[in-house]
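Structural description and commentary
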Amino acid sequence: MYQEEYKRWLAADLEDADLKPELAKIEGNDDEIKDRFAVALKFGTAGLRGVLGAGTNRMNVYVVRRATQAVADYLNGTELPKCTAIAYDSRIGSDVFAREAAAVFAANGITAHLYPRLEPVPALSFAVRELHCGVGICITASHNPAQYNGYKVYNEDGCQITLKMADDILKEIEALDIFDDVRLADFDAALADGVIRYIPSSVTDDYIRAVKAQSLTAPALARELPIVYSPLNGTGLKPVLRTLTACGFTNVSVVEEQRLPDGRFPTCPYPNPEVPEAMSLAIAQAKRLGAALVLATDPDSDRIGVAARSGAGEYVLFTGNEIGLLLLDYICARLAEQGRMPAHPVFIKTIVTSPLAERIAQYYGVETVNVLTGFKFIGEQIGALERSGRADDYIFGFEESCGYLRGSYVRDKDAVVAAMLVSEMLSLITI
C-alpha cells in the first residue's frame, strides 16, 4: 500500500520542486519509503508536527492543504463564523504553508485573515478573538529542531483545540484524498476579491496594548536594568523589544547572532529555552556586559527562558517551575499591595506543575484550579471564567515547561507578557 502511494507521488506533477529529488533519491529503499508513506502525519490537539519533506508522514504543502481542507469542512459544518486568522513563524516553509492554508480556506468560502509578517503564537490567539473568527491556524513547530515544522489549530476562543474538536477534524482529514479532494483558490485573485485579507497593524497594536495592560509597575520605576535578550532567530524580536521599550526598559542588548528570523537556527540547533545550550550565547553576552537578566523566547514566542546574575557574579538558569513560582508570588503581592486583588481570584496550573504553587496561592487567598497537562486546558478554564462573567478573577496561569500567561486577552501561553513581568519583577528587587 505505501509503495503504491509512493509511486503516485512520484508520478504526480508536484508543485514543490524540492520534493521530486527527494522522492527519486529514495527509489528502491523500502525503509525510507515506508517511513514517509506507511502512515499519515498524526493529527491531534497540537495539530500537526513533523519533519519537512515528501510524503504523507512529512510536513509539506500537500499535507498542509489536506489538513486545511479538513478544518474548512469542519468549520462549514458548524454555526461558527466563516472566517479564520492565520499566523506563521520563522521556520523553513512557514510563510508558504500559511499562504497555502489561506488559499484553501478562500476556495471553501471562508475569509482568511493572514498576518503579512511573522508573528508569535499569542498574537494569533489574540487575532482569532479580535477578528471574531471561527478558527485559527498557526504554522509553527514551536521549539523543535530546524528540520521540523507544524500546523496548530485554534478554536473560536483563541484556545488550542482540545480532544473533541481534534477528533472531529481528524475524521475529516481521513475522508480526504491528499490530491483530489482539496479545493485551492488562486492566492492573488482571492486577495484582490477580499476573501484573503492581510491582518492590519492595528490588531498588532491592540495586542501589544493588551500585554502592557498586565504590567504591575509604573514605567518610571525602571529602567536601567541591564537585560540581554535573544529571540532565538524566531518571532519575538519586535513584540518583546516593543513591549519592554514601552514599559521603560531602555538598556536591552540583543544577541546579534540570534536577532533575525532564520529557520535554520544556525547557532542553536535545538531552540528550546528550557535547554541550557539554547541560552549559552545570551549568557556569554550577559557576562561580557555585566547584565543582570537574560531572557530568551522560543521561535514562536510562547515559551521563555530566564537566567539572572547571582551575588557571586555567576548566572543562574531558572527552571520553568521556579520562574512560575516567582511570578505567582510577585503578581499576588503586587495586586494585594495595590488593592487590585479580585474578590474571588483564580490561579490555574497543570497537574504536573509544582504543588508549591498551590501553597503560594493559598497564602494570598487565591483559589487554585488544576488541569490536565497542556496550556490549552488552562485556556479552556479562562474561557469558562469569561463566559460566567468572571474573566477579571483570573490572575495568572502557568505550566512547568516555561509557559506563562497573565490576563485573559489570549488563550495560550505568552512569552511577550512573561518577558515584561520577569523584567519588572527583577527591577523592583534591584532598585
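The structure presented is a predicted model; accordingly, all values stated were derived computationally and were not measured. Each chain has its residues counted from 1, following the order in which its sequence is written. Where totals are concerned, whole chains, interfaces and linings use all residues; where local detail is concerned, this predicted model gives features only for residues with pLDDT of at least 70, and gives and counts side-chain atom pairs only at 80 or more. Only hydrogens and water are set aside; all other atoms, that is, all heavy atoms of the structure, feed into the side-chain values.

**Brief notes about the overall build of the protein chain**
A run of DSSP states H or I qualifies as a helix once it reaches four residues; a run of E qualifies as a strand once it reaches two. Both are numbered from the N-terminal end. Within the protein chain, the secondary structure is distributed over 15 helices and 15 strands. Radius of gyration means the value over C-alpha atoms here, while the globule rule gives 2.2 Å times the residue count to the 0.38 power. Radius of gyration (C-alpha) of the protein chain: 22 Å, near the 22 Å computed for a compact globule of 431 residues. Along the three orthogonal principal directions, the C-alpha set of the protein chain runs to about 65 × 50 × 40 Å. Considering the protein chain as a whole, with its 431 residues, one finds that 59% of them fall into the buried category. Under the scheme applied here, a residue whose accessible area is under 20% of the maximum for its type counts as buried, over 50% as exposed, and between as partly exposed, the area being computed with a 1.4 Å probe on protein chains only.

**Points about the pairing of strand 13 (residues 367–371)**
Two strands make a pair as long as DSSP finds a minimum of two bridges between them. Alignment of strand 12 (residues 346–350) against strand 13, held across five bridges, turns out to be parallel. The residue of strand 13 that forms the bridge with Ile348 is Val369. By convention, a crossover is right-handed whenever its connection, traced from the first strand over the helix to the second and viewed with the strands pointing away, goes clockwise. The β-α-β motif built from strand 12, the intervening helix 13 (residues 356–363) and the parallel element strand 13 has right-handed crossover chirality.

**Regarding helix 7 (residues 163–174)**
What a helix is expected to span follows from its residue count: subtract one and scale by 1.5 Å. Between its first and last C-alpha, helix 7 extends 16 Å over twelve residues, near the 16 Å set by a 1.5 Å rise per residue. Those residues of helix 7 that fall on the buried side of the exposure criterion are Met165, Ala166, Asp168, Ile169 and Ile173. Viewed along the axis of helix 7, the buried residues span an arc of 165 degrees, placing them on a single side of the element. Along helix 7, exposed side chains directed more than 90 degrees from the buried face belong to Leu163, Lys164, Lys171 and Glu174. Here, residues are in contact when the closest pair of their heavy atoms is within 4.5 Å. Against the buried residues of helix 7 lie helix 4 (61–76), strand 4 (135–139) and strand 5 (148–154). This arc is built from the directions going out from the helix axis to the C-beta atoms.

**Quick word on the pairing of strand 12**
The buried fraction of strand 12 amounts to five of the five residues, a majority that puts the element mostly inside the structure. Of the two faces of strand 12, the one holding Val346, Ile348 and Thr350 and the one holding Phe347 and Lys349 are both buried throughout. With four bridges connecting them, strand 12 and strand 14 (residues 394–399) associate as parallel partners. Note on strand 14: the bridge partner recorded for Lys349 is Phe398.

**Focus: the pattern of salt bridges**
The term salt bridge refers to a pairing of a side-chain nitrogen on Lys or Arg with a carboxyl oxygen on Asp or Glu at a separation within 4 Å. The full count for this structure, using the stated rule, is 26 salt bridges. Where Arg36 meets Glu22, a salt bridge forms, and the shortest distance between an N and an O atom there is 2.8 Å. Placement of Arg36 in helix 3 (residues 30–37) and of Glu22 in helix 2 (residues 19–25) is noted, with a sequence separation of 14 residues between them. Several salt bridges converge on common partners, so that one network encompasses Lys152, Asp300, Asp302, Glu399 and Lys413.

**Considering the sheet that holds strand 14**
Within the open sheet, the four strands sit side by side as 13-12-14-15. Their pairing is mixed. In this open sheet, the two strands that pair with only one neighbour each are strand 13 and strand 15 (403–405). The mean angle between the axes of side-by-side strands here comes to 15 degrees, regardless of whether they run parallel or antiparallel. The pairing of strand 14 with strand 15 spans three bridges and is classified as antiparallel. Across the sheet, residue Phe398 finds its bridge partner in strand 15, namely Tyr404. Axis definition: a line fitted to C-alpha atoms, limited for helices to the stretch in contact. Angles are taken between N-to-C directions and run from 0 to 180 degrees. In the packing of helix 14 (residues 375–387) onto the sheet, the strands contacted are strand 12, strand 13, strand 14 and strand 15, and the crossing angle to strand 14 comes to about 165 degrees.

**What about helix 1 (residues 2–11)?**
Within helix 1 the residues assigned to the buried category are Glu5, Tyr6 and Trp9. For helix 1, the angular spread of the buried residues around the axis is 105 degrees, confining them to a single face. Turned more than 90 degrees away from the buried face of helix 1 sit Glu4, Lys7 and Ala11, all of them exposed. Against helix 2, helix 3 and helix 4 lie the buried residues of helix 1.

**Focus: a nonpolar patch on the surface**
Note on patches: the residues involved have over 30% relative accessible area and no salt bridge, like charges join within 9 Å, and the nonpolar side chains Val, Leu, Ile, Met, Phe, Trp and Tyr join within 5 Å. Each accessible area value is a Shrake-Rupley result obtained with a 1.4 Å probe; residue values ignore everything except the protein chains displayed when judging cover. Together, Ile351, Val352 and Leu372 make up a nonpolar patch on the protein surface, roughly 280 Å² of accessible area in all. Structurally, the position occupied by Ile351 is in the loop between strand 12 and helix 13.

**Topic: the nonpolar core**
Residues Leu295, Phe396, Tyr404 and Tyr409 are the most contacted members of the largest nonpolar core, which totals 75 residues. Ranked by size, the runner-up nonpolar core spans 51 residues in total, among them Ile33, Ala70, Ala106 and Ile161. For this analysis, a nonpolar core means a set of buried residues of the types Ala, Val, Leu, Ile, Met, Phe, Trp, Tyr and Cys, connected via side-chain atoms within 4.5 Å.

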